[in-house]
Amino acid sequence: MISIASVNPVAKLGAGLIVSLFLIVTIDGVSAGTALVLELAIIAFLGIEPKRFWLRTLPVWAAAPLTALTILLYGRYDGTVYFEFLLISISDGSIELAIATFLRVLAIGLPAVVLFISIDPTDFADGLAQRLRVPDRFVLGALAAVRMVGLFLDDWHSLELARRARGVADRGRIRRIAGQGFALLVLSIRRGSKLSIAMEARGFGGDTPRTWARESRWATAEWCTLGVGTLVGLIATVVAVFTGSWNLIVG
Amino acid sequence: MRIEPGERVLLLGESGAGKSTFLHALAGVVGDDEGEAEGSLLVDGEHPAAHRGRTGLVIQDPDSQVILERVGDDVAFGCENLGVPRDEIWRRVHHSLDQVGLDVALDRNTSALSGGQKQRLALAGVLAMQPGLIVLDEPTANLDPHGVTEVRDAVIRVAESTGATIVVVEHRVSVWSDVVNRVVVLAAGGGAIADGTPSDVLSRQGEELAARGVWVPQFPPPRPQRMTRPAQETLLTTHALGVGRSKRAVAHPHDLTIPSSHALAITGPNGSGKSTLALTLGGLLAPVSGAVVARPMLAAGAGEHPIRWKSRELLTRIGTVFQDPEHQLLTSTVRAELEVGPRALGLDKAEVDVRVDELLTRLRLDRLANANPFTLSGGEKRRLSVATSLATRPRMLVLDEPTFGQDSRTWSELLALLARLVDEGSTVVAVSHDREFVDALADSTVTLT
């Protein structure tokens, strides 16, 4: 088994992006299908617990056929037409495009999800700031904000209960939710300003160049991850070009 | 005023005297756009902002000062900002955690810590910057008694081992009076009323301070006289109740029988499910298992399960006062806030006005009738949140930590108000850590473990 969890999140993000780039420039079933086969083979070696894998990738499995169905009904009008009703038409062209889209959504979506389920926000922030030189004010501000999401969920629940207790939860659901949203906004701004005071009091935002308690590692494993991403994209493209189905959509 | 290195100062004063602002100014986190400043304040002879990291600040709210997700990173945060080299950072992180007595793994998730642990974490983060001055703004106001002791002891250890100067703001004098060697009382209009050793200031000014809401051990706030009440009817019972916010029960209290004209206290350590039980009794959360049954006297024709009542039906039956008053604010003026409940009941305008005016006077909110509820002080917000529940005259009132962070004046007012409600026939169910409050009010107590 290969452990992907300890690979620098920036490398994972990079690998996912590289594969996507290769697949985005063309719309054909062969490149997406090839990439998907390669990816599934790699995923099988990552040792992800099957239950976790299916649960997390469920949205992708659901989105792929839905997108494909839309394309099937409304997509490119070409070749033999099998069915027509108002704006809906199913033709050779739309069937071909639907299959290509189905495979493409899976080929881009699955690795993205699999790479991301193992990403820890803290490690990701370390990587962004130290490896990609994203400004640390932005990275740490965002990281601290992400940590507050849990508090907001609790706030939302309390706001909901409080409205029932105040006798105003029987009618006007839409208006109530709008009011509740506004109340949450007020609460979150107050929390945010307290947090920023706490951060400032610990010297955040000063002129001293910041050090990092933990080094964001970049070694062989990271280069390999990027390499694997590139390889998958390249093989998919080469196979598609040789079978003549590769069609560049830009330009 | 001059604070010498190594002094430990307790700062007192009524709300609005500017204690928090003063601490923020010391820590150099008051922006130029936040009000006006006159006079000068120098730390080590320089403007505080020039000395980032020389002064460390710990604030009241444990949740809002945890910055990062992992314990070690959170402590390291200040050092990183000051540009401390990596090896030195980790040495300091270990040392600081050691000093505040927080013995958890460095990669422990910070949101899993208790309130007292979070405050000690904040103290460790401050300590790692090796400040000469540590300022603490009501660091124990939101904590249970155990948490209060934890944090206080950590501060003492830190002060003794580092020799840092300490300035602390706190209502509860007894927590800090043995720790500090100087007490300063700020006046609402500016300047200091008293300044000296703790015993000196408390013996000369103790009574006046107590009258202004400071908790002085020698002058405890008055407790209400309780009346003896005749045997009562049952309002609410529970059967094999399991309470929780999701499908999993966090507490299984023994079967309860809550009579009318009764004060029930719910106590127990942090995380034992007290608030969840209160919300379940209040008809706001559905029981995970078992049942909460309203007897006819409480239900008054509305069915026997409070959770199935309409929101409007709850108003005259069970009122709930949340731990954080801000969660239950709905409008932009104090008066409108009080009108919400009576209006939802469909009372006519004259009756609404009568009830609102009476409550405004009774809870000393009349001068604030047109103020925005969010701008009130902690004590005023608490009084308002209680008043909004009383406006619809519920048979039973459920309160979650009503005395948290209150000064002694609001404390005794609340106590007197609740005692009177009970004497007049209402039932009060209060979740509380506050032993004195429970002693003074409760007819019976449920302790969750």
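For clarity, every value in this text was computed on a predicted model and none was experimentally measured. (Residues numbered from 1 in each chain as written. Chains lettered and ligands numbered in written order. Predicted model: local features only at pLDDT ≥ 70, side-chain atom pairs only at ≥ 80, totals over all residues.)

### Describing the domain arrangement of chain B
Much of the literature gives interface size as the accessible area that the parts lose upon coming together. All names here are of chain B. When cut into domains, chain B gives domain 1 (8-211) and domain 2 (234-447). Computed from C-alpha coordinates alone, the two centres of domain 1 and domain 2 are separated by 33 Å. Taken together, the contact pairs twelve residues of domain 1 with nine residues of domain 2. (Domains from an automatic or database assignment. Contact = placed C-beta atoms within 7 Å.)

### A short note on the interface of chain A and chain B
Every contact between the two is made by 38 residues of chain A and, on the other side, 51 residues of chain B. Sorting the residues of the side of chain A that touches chain B by element identifies helix H5 (121-130), helix H6 (136-165) and helix H7 (173-201) of chain A as the ones contributing at least two each. Ranked by residues supplied to the side of chain A that touches chain B, first place goes to H6 of chain A with eleven residues. Taken together, the residues that form the side of chain A that touches chain B break down as 21 nonpolar, eight polar and nine charged. (Helix = DSSP H or I, 4+ residues; strand = E, 2+ residues; numbered from the N terminus. Nonpolar A, V, L, I, M, F, W, Y, C, P; charged D, E, K, R; others polar.)

### Re the packing of H6 of chain A against H7 of chain A
Residue and element names in this part refer to chain A. With their axes 9 Å apart at the nearest point, H6 and H7 run at an angle of 140° to one another. Between H6 and H7, the crossing angle belongs to the class labelled oblique. Helix-helix and strand crossings are classified by hand; for H6 and H7 the assignment is right-handed. Contacts between H6 and H7 involve Ala144, Met148, Leu151, Phe152, Asp155, Trp156, Leu159, Glu160 and Arg163 on the former and, on the latter, Arg176, Gln180, Ala183, Leu184, Leu187, Ser188, Arg191, Leu195 and Met199. Grouping the amino acids of the contact of H6 with H7 by side-chain chemistry returns eleven nonpolar, two polar and five charged. (Axes fitted to C-alpha atoms, helices over the stretch in contact; angles between N-to-C directions. Parallel < 35°, antiparallel > 145°, perpendicular 65-115°, else oblique. Left-handed = near helix turned anticlockwise from the far one by under 90°.)

### Here's the deal with the pairing of strand E5 (residues 182-186) of chain B
Residues and elements named next belong to chain B. Of all five residues making up E5, four are buried, and the element is well covered by its neighbours. Note: strand E1 (residues 8-12) against E5, four bridges, orientation parallel. By the bridge assignment, Leu10 is partnered in E5 with Val183. With four bridges connecting them, E5 and strand E6 (residues 192-196) associate as antiparallel partners. (Buried ≥ 20, exposed ≤ 12 C-beta atoms within 10 Å, placed from the backbone. Pairing = 2+ DSSP bridges.)

### Here we look at the sheet that holds E1 of chain B
Picture the strands of a sheet paired through backbone hydrogen bonds; they go either parallel or antiparallel. All names here are of chain B. Taken together, six strands build an open sheet; the order of strands is E2-E3-E4-E1-E5-E6 and the sheet is mixed. Only two strands of the sheet have a single partner each, and these edge strands are strand E2 (55-58) and E6. On average, each strand axis in the sheet is inclined to that of its neighbour by 15°, with strand direction left out of account. Sheet topology note: the strand E3 (residues 133-137)/strand E4 (residues 165-169) ladder contains five bridges and is parallel.

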